[in-house]
Amino acid sequence: MKNFEMDRRRFLVTSSSAAGGLVLGFHIPTAAHAGRIMGDPWMAAEGGQEVNAWLVIDPDNTVTIRVGQSEMGEGVFTGLPMIVAEELQCDWSKVKAVYAEVNRHVRNKAEPYMVAAGAAKETDGLYQRMSTGGSGAVRRSRLYLAQAGASARERLKQAAADTWGVARADVSAEDSVLSSGSNSGTFGEFAAAAATIDLDQEPAIKTPEEYTLIGQSLPRLDTPLKVNGSATYGIDVRVPDMVYAAVEVSPVPGGRLVSYDFDAVKDRPGVLAAHRLGEGGIGVLHYDLGDVAQRVTGIQSGVAVIADSYYRALTALQLMPKEWDAGEFGDVSDESIINGALEVLANPDDPTYNPANSVGDARAAIAASDNTLEATYVTPYLEHACMEPMNCTAHVTADRADVWVGTQNPPRALSVAAEEAGLPEEQVHVHTTFLGTGFGRRLRQDEVRQATAIAKAQGQPVKVVWTREETTKQGKFRPYSTYHFSASMNGDSKPEAYWNRIVSHSIFNHQIPQFLNEGIDRQAVEGLDARLPYVFDHQQTDYAIRDSHMPVHWWRSVGASQNAFAIESFVDEMAHAAGADPLEFRLALLPEDSEFRNPLEVAAKEAGWTTDLRAGEGMGIGMSEAFGTIVAQVAYVTVSRRGQLRVESIDCAIDCGHVIHPRLVQDQVESQVVFGLTAALYGEIHIQNGAVVEDNFDQYLMLRINEMPEVNTHFALSGGEKWGGVGEPAVPPVAPAVANAIFAATGKRVRRLPLRNHDLIG
Amino acid sequence: MAISLTINGASHTVDAEPETPLLWVLRDNIGLTGTKYGCGIAKCGACTVMIDGKKAFSCTTKASAAVGKDVTTIEGLSEDSSHPVQVAWIEQDVPQCGYCQSGQIMAAAALLNQRPDPSDLDIDAAMSDNICRCGTYRRIRSAIHRAAEIAQG
Ligand code: FES
Ligand code: FES
């Protein structure tokens, strides 16, 4: 059992950066940051002087910074304003944050000076990039946010210089105060003049050595709203004249609602209407498996019941007689899907394979070898299980549509709503709420399309809420994936040949087939193609697509989450086959200059890596690179004689190059360990008769506090040009680290997730 | 149908069927949306409130069962986030997405009502009804210990 004092000490984040030995403690918190974000985070306070699209300065020096990313727990409402404020050199205690306005992003182009400064490269929209995914919040917005802050600061200085008759170079800006000799004034006083100034040349942004604000673990600006119930999530939105919708759509993707009997429930209290969804009913874009655009966000066949309260709508929906036709996929199961893939996997000559990577002649070397190792790995479909069930509130009138939703991609939500409302994008307003997690699920906008169609049909504002059951069954799933590995263990110091075949359901093929590259789905082979960290004289990776009717989608770390399990487990198998220590074995397979070395060595050292443990105890290694960040983990587990697994601790070394806010990164790492461990232990979506079997948390299990391991985060930062993402990359190493630790403890090799399906009695 | 309830010390009369879960009465009829819906089957804790000082899942508590009792929601835990659990939560920046946190805080406050100085085992037992998909469990644990310290002065 964990000891609290121990935990508290562990709270310190130890840094293994080149700077060495820095220890970061708790920031002393106060409630002084209360009120710095509105409960309705899309609502900006009135007034103030806009200096540029990202920032508004009030006469009292309050600086409101607009955030283009969605707050779903990762801390963008704190970390991104820090990037702007670092350059602006304003008083952080007076910084407020608000969402950037989506409609304006769609209507207005990037500001010319941002383009001139080379900082506007993501899109041509005003706020550059307003989707939140791919661990890109810092990685992909850092340059333009820093430029917005620096350009504003220099304009403030120029305005003061003009007034005081001095050179801009002689004006300094610190804590929202401008000064030069005996002259001084505030940002608030010069904001209006600054907004009109053109500079000959935009200032350069700071280099990391110059940071003063970045690098501090400041209190999150959104915490006060999240301890008293005042943060508004999509599901909390209430607008005048709003009614509620409960929905049920075909449990089998591509199936249809044959009939329903609204008369049977229409006289129940509060019940107002029913609308048929999809085929034969409302909605512009209907779900069709054969069409990419339609299967990505189209409206599934089903029905919505409208009432004056959600529970009345839901009860009526559940009591209403309905008849379904499962359609052509009514006999598909997860077993039939995965067995189909395994058949392909067993046939290396299947013509649908495409090479993802090839060096030397692995196939020939393995065929000629008298010492080979083979293994097959399987990972299942998974649902995101966002804490907040899917929902969306919409209001459509003749000349305007409003949508309130916690979305990871507001501009896409806006265009989907515009299409359903039949209005130009300029007339559509998306109000982004707080998100009760996203994990990729809230990039899809299927709920936005459905809600907009329902609100349009109803002619008044409607809040659509999916039950947990509907949320799970209408998931957009992480694909299953299957792997076969063969290796020739001959070779002087390491195996000579490695051959990997992968057969999976391809997200690219499902959503964006134009981005397949000669049959290769880049994310499906992440870390296993030329990005494989290990080198063999002969290596080959082949990939074949085997899709099903299930809708698949990005899921926190996506391909890496399953590929790391397969490769890191197989490397462990090779190490044991070679009689080598798994740590030494990995180091021997990595090139001398591999960026994986340092994180791997840091994780091993911090964990006290050893293979010398009693039966029933084990350590295991997993590592992966995703979104420009390398993470290595060492898991320590115990397995009781009765086969009871406990993951005791996970040491996690991360190289994301640089860190804006160390504690937010530590929180992200812990969050990802929990996410990865939940999936490794329990995650599995079954399909029977074409439909998802699991529907709620009694069947689709989540890690709970009593199962939480000790998680120790170690920064192993390489600095330099590297700015890696931190929202996902600690997920992939968890499953292999734990599975390898189980092998060390019990001699049982787990080749198919989740772990809970395996008998671990040693 | 009219039901009268006492929520955070104020009485409310709402138009709802007696079997309506307290959760939806709080959220839709009264507008107290701090109490969250997560599962509807007592398996996630997002909807946790206190009834007469004890923790309850509002999703599986019928509104009729709360008649004549004192219901406390996150909005009524304190006027100004000054309850020791809220203070500790702010100090330690516990929430990530925050969606589960009303339920976590109410469950923690109910735990401290029963056990002013809970052990880690007490915390495991009391808090494992509450899922946090963001994985803030370590901070929840340490913030509960901190809240116990604050409450004891
Ligand atoms: S919503 Fe009540 S326990 Fe989940
Ligand atoms: S803070 Fe996000 S679910 Fe707990």
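What counts, and at which threshold
Residues numbered from 1 in each chain as written. Chains lettered and ligands numbered in written order. Predicted model: local features only at pLDDT ≥ 70, side-chain atom pairs only at ≥ 80, totals over all residues. Helix = DSSP H or I, 4+ residues; strand = E, 2+ residues; numbered from the N terminus. Buried ≥ 20, exposed ≤ 12 C-beta atoms within 10 Å, placed from the backbone. Contact = placed C-beta atoms within 7 Å. Pairing = 2+ DSSP bridges. Axes fitted to C-alpha atoms, helices over the stretch in contact; angles between N-to-C directions. Parallel < 35°, antiparallel > 145°, perpendicular 65-115°, else oblique. Nonpolar A, V, L, I, M, F, W, Y, C, P; charged D, E, K, R; others polar. Domains from an automatic or database assignment. Core = buried A, V, L, I, M, F, W, Y, C linked by C-beta atoms within 7 Å. Expected span 1.5 Å × (residues − 1). Left-handed = near helix turned anticlockwise from the far one by under 90°. pLDDT = per-residue confidence, 0-100.

Novice: Describe the overall build of chain B, naming the residues involved and giving the relevant values.
Specialist: Within chain B one finds six helices and five strands. In sequence order, the secondary structure elements of chain B are arranged as β-β-α-β-β-β-α-α-α-α-α. Taken over the C-alpha atoms alone, chain B extends approximately 45 × 30 × 25 Å along its principal axes. Counting all 153 residues of chain B, 66% fall into the buried class. A separation threshold of at least 6 residues defines the contact pool for chain B, and within that pool the share at least 24 residues apart is 61%.

Novice: Explain the overall build of chain A to me, and be specific about the residues and the numbers.
Specialist: From N to C terminus, chain A includes 19 helices and 29 strands. Reported as C-alpha extents along the three principal axes, the dimensions of chain A are approximately 85 × 75 × 50 Å. By sequence separation, contacts in chain A at least 24 residues apart represent 78% of the contacts at least 6 residues apart.

Novice: Explain the sheet that holds strand β8 (residues 177–180) of chain A to me, and be specific about the residues and the numbers.
Specialist: Residues and elements named next belong to chain A. On the basis of which strands lie adjacent, the open sheet formed by three strands has the order β7-β8-β9 and antiparallel pairing. Taken across any chain shown, the strands that pair with only one partner, and hence form the sheet edges, are β7 (172–174) and β9 (183–186). In this sheet, neighbouring strand axes are inclined to one another by 20 degrees on average, regardless of whether the strands run parallel or antiparallel. In the sheet, β7 pairs with β8 via three bridges, with the strands oriented antiparallel. If you follow Ser 172 over to β8, its bridge partner there is Ser 179. Across the sheet, helix α5 (residues 142–164) lies against β7, β8 and β9, angled at about 45 degrees from β8, the strand it touches most.

Novice: Any details on the packing of α5 of chain A against helix α6 (residues 187–194) of chain A? Residues and values, ideally.
Specialist: Residues and elements named next belong to chain A. Two numbers describe how α5 lies on α6: the axes approach to 8 Å, and their chain directions differ by 95 degrees. Between α5 and α6, the angle falls in the class roughly perpendicular. From α5, Ala 152, Arg 155, Leu 156, Ala 159 and Ala 160 reach across to α6, where they touch Phe 187, Phe 190, Ala 193 and Ala 194. In terms of residue class, the contact of α5 with α6 is built from eight nonpolar, no polar and one charged.

Novice: Which residues make up the interface of chain B and chain A, and what values go with them?
Specialist: Taken together, the contact between chain B and chain A spans 51 residues of the former and 53 residues of the latter. At the level of elements, α1 (22–30), α2 (74–77), α3 (84–91), α4 (101–114), α5 (120–127) and α6 (137–152) of chain B are the ones that each hand at least two residues to the side of chain B that touches chain A. Among the residues forming the side of chain B that touches chain A, the class breakdown is 23 nonpolar, 17 polar and 11 charged.

Novice: Just give me the short version of the environment of Leu 435 of chain A, but keep the residues and values in it.
Specialist: Following the sequence through the fold, Leu 435 of chain A ends up in the loop between β19 (428–432) and α12 (446–458). Distance in space between the C-alpha atoms of Leu 435 of chain A and Met 72 of chain A is 4.6 Å, their sequence separation being 363 residues. With sequence-adjacent residues up to four places away left out, Leu 435 of chain A is seen in contact with Ser 70, Glu 71, Met 72, Tyr 233, Glu 388, Gly 406 and Arg 442 of chain A together with Cys 97 of chain B.

Novice: Outline the sheet that holds strand β3 (residues 49–52) of chain A, supporting the account with residue identities and numerical values.
Specialist: Residue and element names in this part refer to chain A. Strand order in the open sheet formed by four strands is β3-β4-β5-β6, with mixed pairing between adjacent strands. Both edges of this open sheet fall to β3 and β6 (95–99), since each of them pairs with a single strand only. Ignoring which end each strand starts from, the neighbouring axes of this sheet average 30 degrees apart. Bridging between strand β5 (residues 63–67) and β6 involves five bridges; their strand directions are parallel. Paired with Val 67 across the two strands is Tyr 99, which belongs to β6. Against the sheet, α5 engages β3 and β4 (55–57), with an angle of about 115 degrees to β3. Those strands touched by α6 are β3 and β4, and its axis lies near 65 degrees from that of β3.

Novice: Outline the domain arrangement of chain B, supporting the account with residue identities and numerical values.
Specialist: Residues and elements named next belong to chain B. Structurally, chain B comprises domain 1 (2–77) and domain 2 (84–152). When each unit is reduced to the centre of its C-alpha atoms, the spacing between domain 1 and domain 2 is 21 Å. Tallying the contact residues gives 16 residues for domain 1 and 14 residues for domain 2. Mapped onto the side of domain 1 that touches domain 2, the elements with two or more residues apiece are β3 (48–51), β4 (54–57) and α2. For the side of domain 1 that touches domain 2, the per-class residue count stands at seven nonpolar, six polar and three charged.

Novice: Quick one: what's the story with the nonpolar core, residue by residue and with numbers?
Specialist: A general trend in soluble globular proteins is that nonpolar side chains are found buried together. Residues and elements named next belong to chain A. Counting residues in each nonpolar core, the largest one holds 302 residues, and the members touching the most others are Leu 55, Ala 245, Val 305, Ala 313, Ala 417 and Val 738. By residue number, the principal contributor to this core is α5, which donates 11 residues. Once you skip the residues sitting within four places of it in the chain, Val 305 turns out to touch Ala 245, Ala 246, Val 271, Ala 274, Ala 313, Ala 316, Leu 317 and Met 320.

Novice: I'd love a proper account of α5 of chain A, names of residues and values included.
Specialist: Residues and elements named next belong to chain A. The terminal C-alpha atoms of α5, which comprises 23 residues, lie 33 Å apart, in line with the 33 Å expected from a rise of 1.5 Å per residue. Of all 23 residues making up α5, 19 are buried, and the element is well covered by its neighbours. Directly beyond the C-terminal end of α5, a positive phi value near 65 degrees is found at Gly 165.

Novice: Please give an account of α3 of chain B that cites residues and values.
Specialist: All names here are of chain B. Counting buried residues along α3, eight of its eight residues qualify, which places the element largely inside the surrounding structure. For α3, every residue scored as buried is listed here: Pro 84, Val 85, Gln 86, Val 87, Ala 88, Trp 89, Ile 90 and Glu 91. Contacts made by the buried residues of α3 are with α2, α4 and α6. Looking one or two residues beyond α3, the residue adopting positive phi is Asp 93, at roughly 45 degrees.

Novice: Can you tell me about the domain arrangement of chain A, naming the residues and giving the values?
Specialist: All names here are of chain A. You can read the domains of chain A as domain 1 (34–226), domain 2 (234–329 + 390–465) and domain 3 (334–382 + 477–757). On the side of domain 2, 21 residues touch domain 1, which itself brings 17 residues to the contact. Broken down by element, the residue count for the side of domain 1 that touches domain 2 peaks at five residues, all from helix α3 (residues 102–107). Split by residue class, the side of domain 1 that touches domain 2 holds seven nonpolar, eight polar and two charged.

Novice: Can you tell me about the packing of helix α18 (residues 662–682) of chain A against helix α19 (residues 734–746) of chain A, naming the residues and giving the values?
Specialist: Residue and element names in this part refer to chain A. Direction vectors running N to C along α18 and α19 enclose 55 degrees, while the axes themselves pass 8 Å from each other. Between α18 and α19, the interaxial angle falls into the category oblique. For the element pair α18 and α19, the recorded crossing hand is right-handed. In contact with Val 673, Gly 676, Leu 677, Ala 679 and Ala 680 of α18, α19 contributes Val 734, Ala 735 and Val 738. When its residues are assigned to classes, the contact of α18 with α19 shows seven nonpolar, one polar and no charged.

Novice: Could you give an account of the confidence of the model for chain B, naming the residues involved and the relevant values?
Specialist: For chain B, per-residue confidence averages 97 on the pLDDT scale, and residues scoring 70 or more make up 100% of the total. Listed scores for the predicted complex are pTM 0.95 and ipTM 0.99.

Novice: Could you give an account of the environment of Ala 497 of chain A, naming the residues involved and the relevant values?
Specialist: Residues and elements named next belong to chain A. Structurally, the position occupied by Ala 497 is in strand β22 (residues 497–504). In the structure, Ala 497 is positioned 439 residues away from Asp 58 in sequence and 65 Å away in space, judged by C-alpha atoms. Once residues within four sequence positions are removed from consideration, Ala 497 is found in contact with Ala 362, Ala 365, Ile 366, Ala 487, Ser 488, Phe 536, Asp 537 and His 538.

Novice: How would you sum up the confidence of the model for chain A? Please name residues and give values.
Specialist: Here chain A shows a mean pLDDT of 93. Residues at 70 or above account for 95%. Scored below 50 in pLDDT, residues 1–31 of chain A shows 49 contacts in the model against residues more than four places distant or in partner chains.

Novice: So what's going on with unusual backbone geometry? Which residues, and what values?
Specialist: Here the amide bond leading from Leu 753 of chain A into Pro 754 of chain A is cis, since omega sits at 5 degrees, within 30 degrees of zero. Positionally, Pro 754 of chain A belongs in the segment after α19. Backbone geometry places Ser 135 of chain A, a non-glycine residue, at a positive phi of 50 degrees. Structurally, Ser 135 of chain A is set in the loop between α4 (112–116) and α5. Taking the C-beta count within 10 Å as the criterion, Ser 135 of chain A has 23 such neighbours and is therefore assigned buried. Phi at Ser 81 of chain B takes a positive value of approximately 55 degrees, unusual for a residue other than glycine.

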